[in-house]
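In case you want the letters, here they are:
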Amino acid sequence: MTTPTSSPAKSLSGTPVVPGVAAGPVLHVRGEVSPEAIARFGDGGFHDELAALEAYEEAAAAVADTFSTKASAAEGAAAQVLTASAGLARDKGLRSAVSKNLQAGQGPVEAVQGAVEQFVTIFTNMGGLMAERVTDLRDIERRVIAHLVGEPPPGVPTPDEPSILVAEDLAPSDTSGLDPSLVTALVTERGGATSHTAIIARQLGIPCVVGAAGVMAIPAGTFVVVDGGTGVVEQGADPDEARARVEESHRLREELASWSGPAATSDGMPVKLLANVADGPSAESAGAEPVQGVGLFRTELCFLNRKDEPSVEEQADIYAGVLSPYSDGRYVVVRTLDAGSDKPIAFATQEGEENPALGVRGLRLSFGNPGLMDRQLDGIAAAAERTGTETWVMAPMVATVSEAADFAEKVRSRGLKAGVMVEIPSAALLAHRMLEVVDFLSIGTNDLTQYAMAADRMATDLAHLTDPWQPAVLQLIAITAHAGTEAGKPVGVCGEAAADPLLATALIGMGISSLSMAARAVRPVGAQLGRVTFETCEAAAEAALGAPDPMAARAAVRDLLGT
Ligand code: PEP
Ligand code: MG
């Protein structure tokens, strides 16, 4: 490990998203090739376009070799993706597009950019799996240009010792194949609790802090201690103390991993823990975790690459793949298409809206196209019948009680249990009336936070607002939970908030009856709930609700729980 500095302790903080403590040297992720290096390189000074093409070929071959080496060290899907990227870097079509651009008098960097742009357009128009390759093309573009201009490759460098990865923000291509034994924590300058970085960190099971302003200014190699529970990133910590904190955190993590359910508070109050899934394979693997079912099946994620609406039969087959692992007495909450805004679906999304997050998305798509909803419900009902799995169905983006009533009627007429998501503040404020017309509610804290705080959940600069610990968001959750308790009907949480072990205690204390989350988060949440009594959960709810801001709310609950 790098020798820790002996400078006095300094710290900065961000939003804590995955708990745990890690210590090590800072490793920076380089995003783009620096414009200065590109400007310095200019047209490369080649005597003719053949020499420039040779330089391109050498750069592309080097990039392809890097991908191939990584592929041989990887397994399964990651290996396949990397092998495909190696092939793409060596692609003859790409080479001939670069050659044409060079012959037309462009400099090498411009020629590569133009050729990649041309392929991006082709791939995007082809749709489906080809469109997904656009990210890989961009990655190849950055790497080839870096090689040409003589910069180290952008992206995540391979650490030679366990390190803390620090970045502006992380893209999926940066994080594929990260090794949690070498990258022991993620810290980003931007990004919120629901950002891609947070999701990846949760999957890897490593501590993560996002929205840590100023973290990129910490020089590479500086020894830091990252606390994913408090959000603090500390420089100049005592190395022995840091080691002890990391060891304690590992011990705790092992204890959490060995938790095997069923979930209950320490005084025996049962809690339902459920999984969020996207398709058959994720439902299957989540089914092996100690969950009582699926609390959110995001059906739209099955159709991101579809140009046309799948038939009822095809939908039924897809849904049956998700329902069947739960035919053993567990249940699945299927959400109808939440197309639009951040999840564009070719056959459903309304084109050309000025403000898609506030536009015709989710349930609203069925207003102008009721057949879309009817056919989906028919597919869900057929899958439920075929598998025998208890199936609940809920609609996203419900704003009014009459929308909830109309939806519930359609669902019940197919013999299924009907509910709606609480993602819009109006639905939370009217939760008691919603519960008069539906069987259950499920709070989508990601969107509820976005709409309560008027802060785009994708806006990395607004991470301090898109935080479910915001007092206004907690109030809306508490109102909804209270309505559920009064009506004697289930009210669950299925947004990212449910995956936060600390917040989970407060949610249960508010009267939330189920928590649905990424499968990976289930054990830490279950173990945390098993350490506290229901009375402590109620005190945690009160403390969080009474706090003036998210940081104070976290600190108050942490104090109460003694963590
Ligand atoms: C939510 O908004 O919290 C939610 C669960 O839905 P999604 O994240 O799919 O919008
Ligand atoms: Mg949502």
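Structure: above.
This is a predicted model, so every value here is computed, not measured.

1. Notes on the coordination of the magnesium ion (ligand 2)
- The coordination sphere of the magnesium ion (ligand 2), as far as protein atoms go, consists of Glu423 (OE) and Asp447 (OD), spread over 2.0 to 2.1 Å. Placement of Glu423 in the loop between strand 13 (417-422) and helix 16 (425-429) and of Asp447 in helix 18 (residues 445-453) is noted, with a sequence separation of 24 residues between them.
- By relative accessible area, which is 2% here, Glu423 ends up buried.
- Owing to a relative accessible area of 2%, Asp447 belongs among the buried residues under this scheme.

2. Remarks on the site of ligand 1
- With respect to spatial proximity, 14 residues lie near ligand 1, and among them Arg298, Arg335, Lys343, Asn446 and Arg457 are the closest.
- The contact in question runs from an oxygen atom of ligand 1 to an N or O atom on the side chain of Arg335, over 2.8 Å.
- Interatomic distance of 2.7 Å between a backbone N/O atom of Asn446 and an oxygen atom of ligand 1.
- Taken together, the elements giving at least two residues each to the shell around ligand 1 come down to strand 10 (293-298) and helix 18.
- Classifying every residue of the shell around ligand 1 by side-chain character gives three nonpolar, four polar and seven charged.

3. Brief notes about the sheet that holds strand 4 (residues 163-167)
- Taken in spatial order, the eight strands make up an open sheet running 1-8-7-3-4-5-6-2, and their pairing is mixed. Looking at the sheet topology across the chains shown, the edges are occupied by strand 1 (10-13) and strand 2 (15-18). The average angle at which neighbouring strand axes cross in this sheet is 30 degrees, direction not considered.
- Here strand 3 (residues 21-28) runs beside strand 4; their pairing, made up of three bridges, is parallel. By the bridge assignment, His28 is partnered in strand 4 with Val166.
- Lying over the sheet, helix 10 (residues 239-257) contacts strand 3, strand 7 (223-227) and strand 8 (232-235), oriented at roughly 115 degrees with respect to strand 3.

Parameters at a glance
- Residues numbered from 1 in each chain as written.
- Chains lettered and ligands numbered in written order.
- Predicted model: local features only at pLDDT ≥ 70, side-chain atom pairs only at ≥ 80, totals over all residues.
- Heavy atoms only, no water.
- Donors = N, O, S within 2.8 Å, 3.2 Å for Na, K, Ca; no water.
- Helix = DSSP H or I, 4+ residues; strand = E, 2+ residues; numbered from the N terminus.
- Buried < 20%, exposed > 50% of the residue type's maximum accessible area, 1.4 Å probe, protein only.
- Near = heavy atom within 4 Å.
- Polar contact = N/O pair within 3.5 Å; in protein donor to acceptor, adjacent residues only side chain to side chain.
- Nonpolar A, V, L, I, M, F, W, Y, C, P; charged D, E, K, R; others polar.
- Pairing = 2+ DSSP bridges.
- Axes fitted to C-alpha atoms, helices over the stretch in contact; angles between N-to-C directions.
- Contact = heavy atoms within 4.5 Å.

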